[in-house]
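Examining the three-dimensional arrangement
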Amino acid sequence: MGNYLDVANGGLMGILCVIVILFVLIQAFIFIRKAWRRGTEIGLQHQQMKKVITNSVAFSIMPSLPILAFLLMLMPTLGRFFPWLRLSVIGSGAYENLVANMTAQLFGLENVSDAGMNATIFLGIMWAMTLGIILEPILTLFGSKFIQKGLGLLKGKNQKLLNVVMTCLMISLFLVLGAPYYTSFRNIPTVGLSAMIPPIVMIFTALCSLGLNKLATVTGKPVFKEFSFPLALISGMVVAIALSAILA
């Protein structure tokens, strides 16, 4: 894969990433401190706030497991530090993995794990992953007021239409991102039965999520619904690994 991993795993890269992550952590502690002070001002008991913090930490661990899985997926080809940085700031595991693969494909590789990876492609992936996510906070900073105003006008006129529009937008987004995987069965003549793995995993994770939501309703325990996404995602990964070993 070339010597680019010497730089990706080097001390300078580690220091630069640590600086950014520390900046984010400091912001988090500042917000926690401000929230604690505000809670005291409005009369909340310290024991109550400690319980909220403890519960928040506990409920944050499970949803973070899929992020750890994406981190382990990206580290072999993008080094130890840069994936850690990207998954610690703005973004998501699915986004980072998608953008890394898209950039690698633009350079003519099959995916980010291709043996043709080199320093130029690595640098391109870094820029794509970093610059690609900057647009969202910029739009939020300068455009959220106008977006909220437009949504407010639409909500005032027709709440049902607003719900339909937002639902269609989300479904369209999922379809665009997932289309290459939903239709991978078309590649059976060229790659064999392994082309069936993505749609099988998709169906399995959907059923798993629906089953957990149903279990939450039947048992009256909302924890199953709250953890349905990470549990379904992890289960899907396990099934994907098993099918890859069988069908590949």
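To keep things clear, this report deals only with the structure shown in the data block.

Parameters and conventions
Residues numbered from 1 in each chain as written. Predicted model: local features only at pLDDT ≥ 70, side-chain atom pairs only at ≥ 80, totals over all residues. Heavy atoms only, no water. Helix = DSSP H or I, 4+ residues; strand = E, 2+ residues; numbered from the N terminus. Buried < 20%, exposed > 50% of the residue type's maximum accessible area, 1.4 Å probe, protein only. Contact = heavy atoms within 4.5 Å. Areas by Shrake-Rupley, 256 points an atom, 1.4 Å probe, with all protein chains shown as cover. Lys, Arg positive; Asp, Glu negative; His and termini not counted. Charge placed at Lys NZ, Arg CZ, Asp CG, Glu CD. Expected span 1.5 Å × (residues − 1). Core = buried A, V, L, I, M, F, W, Y, C linked by side-chain atoms within 4.5 Å. Phe/Tyr/Trp six-rings, centres within 6.5 Å; stacked < 30°, edge-to-face > 60°. Patch = residues over 30% accessible without salt bridge, like charges linked within 9 Å, V, L, I, M, F, W, Y side chains within 5 Å. Salt bridge = Lys/Arg side-chain N within 4 Å of Asp/Glu carboxyl O. Axes fitted to C-alpha atoms, helices over the stretch in contact; angles between N-to-C directions. Parallel < 35°, antiparallel > 145°, perpendicular 65-115°, else oblique. Left-handed = near helix turned anticlockwise from the far one by under 90°. Nonpolar A, V, L, I, M, F, W, Y, C, P; charged D, E, K, R; others polar.

To continue, consider the overall build of the chain. A tally of regular secondary structure across the chain gives eleven helices and zero strands. Scanning the chain from its N terminus toward the C terminus, one meets helices and strands in the order α-α-α-α-α-α-α-α-α-α-α. Expressed along its principal axes, the backbone C-alpha trace of the chain runs to roughly 65 × 50 × 40 Å. In the chain, buried positions account for 24% of the 248 residues. Summarising the internal contacts of the chain: among those between residues at least 6 apart in sequence, 59% fall at separations of at least 24. In the form shown here, the chain has an accessible surface area of approximately 16700 Å², with 73% of it arising from carbon and sulfur atoms. With 17 positive and 7 negative side-chain charges, the chain shows a spacing of 19 Å between the two charge centroids.

For helix 11 (residues 228–247), which comprises 20 residues, the first-to-last C-alpha distance of 27 Å matches the rise-based estimate of 28 Å (1.5 Å per residue) to within 8%. All buried positions along helix 11 are accounted for by Ser228, Pro230, Ala232, Gly236, Val239 and Leu243.

Met13, Leu78, Ala100, Met117, Phe122, Ile125 and Met129 are the most contacted members of the largest nonpolar core, which totals 23 residues. Per element, the largest residue contribution to this core is six residues, and it comes from helix 6 (residues 119–157). Dropping the residues within four chain positions of it, Met129 is found in contact with Leu78, Phe82, Arg86, Tyr95, Glu96, Val99 and Ala100.

Turning our attention to the side chain of Glu96. Turning to its location among the elements, Glu96 is positioned in helix 5 (residues 93–106). The contacts of Glu96, once residues within four sequence positions are left out, are Leu74, Arg86, Leu87, Ile90, Gly91 and Met129.

This part is about the packing of aromatic side chains. Inspection of every chain in the model, using the stated rule, returns one aromatic pair. Arranged with centres 5.3 Å apart and planes meeting at 40°, the rings of Tyr4 and Phe122 form a pair that is tilted. One end of the pair, Tyr4, is in helix 1 (residues 4–8); the other, Phe122, is in helix 6, with 118 residues separating them in the sequence. Residues Tyr4 and Phe122 agree in their burial class; the two are buried.

Once that is clear, we can look at a nonpolar patch on the surface. A cluster of nonpolar side chains, Val18, Leu22, Leu25, Ile26, Phe29, Ile30, Ile32, Ile53, Val57, Ile61 and Trp84, forms an exposed patch at the surface whose accessible area comes to about 1000 Å². Elements supplying a minimum of two residues to the nonpolar patch: helix 2 (11–41) and helix 3 (46–78). Ranked by residue count, the leading element in the nonpolar patch is helix 2, at seven residues. Here Trp84 is to be found in helix 4 (residues 82–86).

The next subject is the environment of Leu173. Counting through the fold element by element, Leu173 comes out in helix 7 (residues 159–182). The spatial distance from the C-alpha of Leu173 to the C-alpha of Leu161 is 18 Å, given a sequence separation of twelve residues.

Before going further, it helps to examine the packing of helix 9 (residues 197–219) against helix 11. Contact geometry for helix 9 and helix 11: axes closest at 9 Å, N-to-C directions at 150°. Our classification of the angle between helix 9 and helix 11 gives roughly antiparallel. Judged by the twist between their axes, the crossing of helix 9 over helix 11 is right-handed. On the side of helix 9, the interface is formed by Ile197, Ile200, Val201, Phe204, Thr205, Cys208, Ser209, Leu212 and Asn213, while helix 11 contributes Ser228, Leu231, Ala232, Ser235, Gly236, Val239, Ala240, Leu243, Ser244 and Leu247. Looking at the contact of helix 9 with helix 11 residue by residue, the classes come out as twelve nonpolar, seven polar and no charged.

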